[in-house]
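This is what each chain is made of:
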Amino acid sequence: MTDLAESIESMEQLAAVWRAMVLDRDAGADVRDLPGIAVRWADCRFAFWNCVTLTEVGAESERVGQRLSQAADIMRSKKQPGFLWLFEDLLDGQARSALGAAAERAGLQCAFPGTGMAGDLLPIPEPAHPDLTFVRVTSDEHLRAYADLNSRAYGFPLEDGRDGLDGSRLWKNEVHAYVAMRGDVPVACAATVEAEGRLFVVLVATDPQWQRRGYGEAVTRKALHEGARATGLTRATLHATVAGAPVYPRIGFQPNSPIHFYSLQG
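Residues numbered from 1 in each chain as written. Predicted model: local features only at pLDDT ≥ 70, side-chain atom pairs only at ≥ 80, totals over all residues. Heavy atoms only, no water.

Participant: Help me out: how do you make sense of helix α5 (residues 140-154) in this one?
Facilitator: In an α-helix, one full turn covers 3.6 residues, which means residues spaced three or four apart are oriented alike. Here α5 contains 15 residues, and its C-alpha end-to-end distance of 21 Å stays within 8% of the 21 Å for a straight helix at 1.5 Å per residue. Looking only at α5, the buried set comprises Leu143, Ala145, Tyr146, Ala147, Asp148, Leu149, Asn150 and Ser151. Buried residues along α5 sit in contact with α6 (158-165), α7 (169-173), β7 (176-182), β8 (185-195) and β9 (198-206). Backbone geometry just after α5 places glycine 155 at a positive phi near 75°. (Helix = DSSP H or I, 4+ residues; strand = E, 2+ residues; numbered from the N terminus. Expected span 1.5 Å × (residues − 1). Buried < 20%, exposed > 50% of the residue type's maximum accessible area, 1.4 Å probe, protein only. Contact = heavy atoms within 4.5 Å.)

Participant: Is there a simple way to think about the packing of α5 against α6 in this case?
Facilitator: Packed helix pairs are characterised by how far apart their axes lie and by the angle those axes make with each other. In the contact formed by α5 and α6, the axes pass within 8 Å of each other and the chain directions differ by 135°. The orientation of α5 with respect to α6, classified from their angle, is oblique. The two elements α5 and α6 meet at a crossing, and its hand is right-handed. Of the residues in α6, those touching α5 at Leu143, Arg144, Tyr146, Ala147, Asp148, Ser151 and Arg152 are Leu158, Gly161, Arg162 and Leu165. Among the residues forming the contact of α5 with α6, the class breakdown is five nonpolar, two polar and four charged. (Axes fitted to C-alpha atoms, helices over the stretch in contact; angles between N-to-C directions. Parallel < 35°, antiparallel > 145°, perpendicular 65-115°, else oblique. Left-handed = near helix turned anticlockwise from the far one by under 90°. Nonpolar A, V, L, I, M, F, W, Y, C, P; charged D, E, K, R; others polar.)

Participant: Please clarify how the environment of arginine 96 should be interpreted in this entry.
Facilitator: Checked against the element boundaries, arginine 96 lands in helix α3 (residues 93-97). Using a relative accessible area of 37% as the deciding quantity, one classes arginine 96 as partly exposed. Between the C-alpha atoms of arginine 96 and valine 64, which are 32 residues apart in sequence, the distance is 9.3 Å. Once residues within four sequence positions are removed from consideration, arginine 96 is found in contact with Glu88, Asp89 and Leu91.

Participant: Is there a simple way to think about the pairing of β9 in this case?
Facilitator: Both faces of the sheet carry side chains from a regular strand, because those side chains alternate between them. Within β9, eight of the nine residues are buried, leaving the element largely enclosed by the surrounding structure. As defined by bridge partners, β8 adjoins β9 across seven bridges and the pair is classed as antiparallel. Paired with alanine 188 across the strands is threonine 206, a residue of β9. Counting the residues in the hairpin turn of β8 and β9 gives two residues, including glutamate 196, whose phi is positive at 50°. Across two bridges, the pairing between β9 and strand β10 (residues 236-241) is parallel. Paired with phenylalanine 200 across the two strands is threonine 237, which belongs to β10. For the handedness criterion, the β-α-β arrangement of β9, helix α8 (residues 215-231) and β10 is classed as right-handed. (Pairing = 2+ DSSP bridges. Right-handed = clockwise from strand over helix to strand, strands pointing away.)

Here's what the structure looks like:
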């Protein structure tokens, strides 16, 4: 794939996976594909399930400014906060240079950066870590542990993560979600889900007090191994935070588009 093709793939994977996640959370969620904008908004307390992204390729400055304003208006119309995910490589060069000013004019502020990644890396060997056992998420108790790990890792109140995942049938039946256990303590989690011929890695998290021990990498490898074994897929994609970005190339992922996560200003 060319770099632009991988950036388009990264955006399309977000739109496909988040459609499933948001509708799992609320069958009446706002899931729309508008001109140049995809809305995937559950309007729940878990901010990652409240998402808007720009979908045009090669958009120039004026068009990007219009789309950012439209996206911000959609976000303002909602009860719960969320994020605009913007894949930088989909913009033309001038629009990239003017992005910060355009976002500010639209009433958006950068919340944190990320990076799209992908690779034809599957299958991979089943992982082992001397400290860990891996438990697949199949019960409400497992799902609560998974939600709480994400809340702690990303600095959300526990109730926010639980509002996103509690009671999910999708996560207990179709997502290959695993919790890494150190004894009887959940310390990290990762999941993969099939999306348009790829295996997408979603909601990787490590409890802050257990970071820098290889737990996140180990459980991500477990989710990839089991997902590939179940589906036969060979290509995987993900969206990495700054904390996760150094980990995934060790598994075989290659970076593509920088991602900007925007929230509404104050």
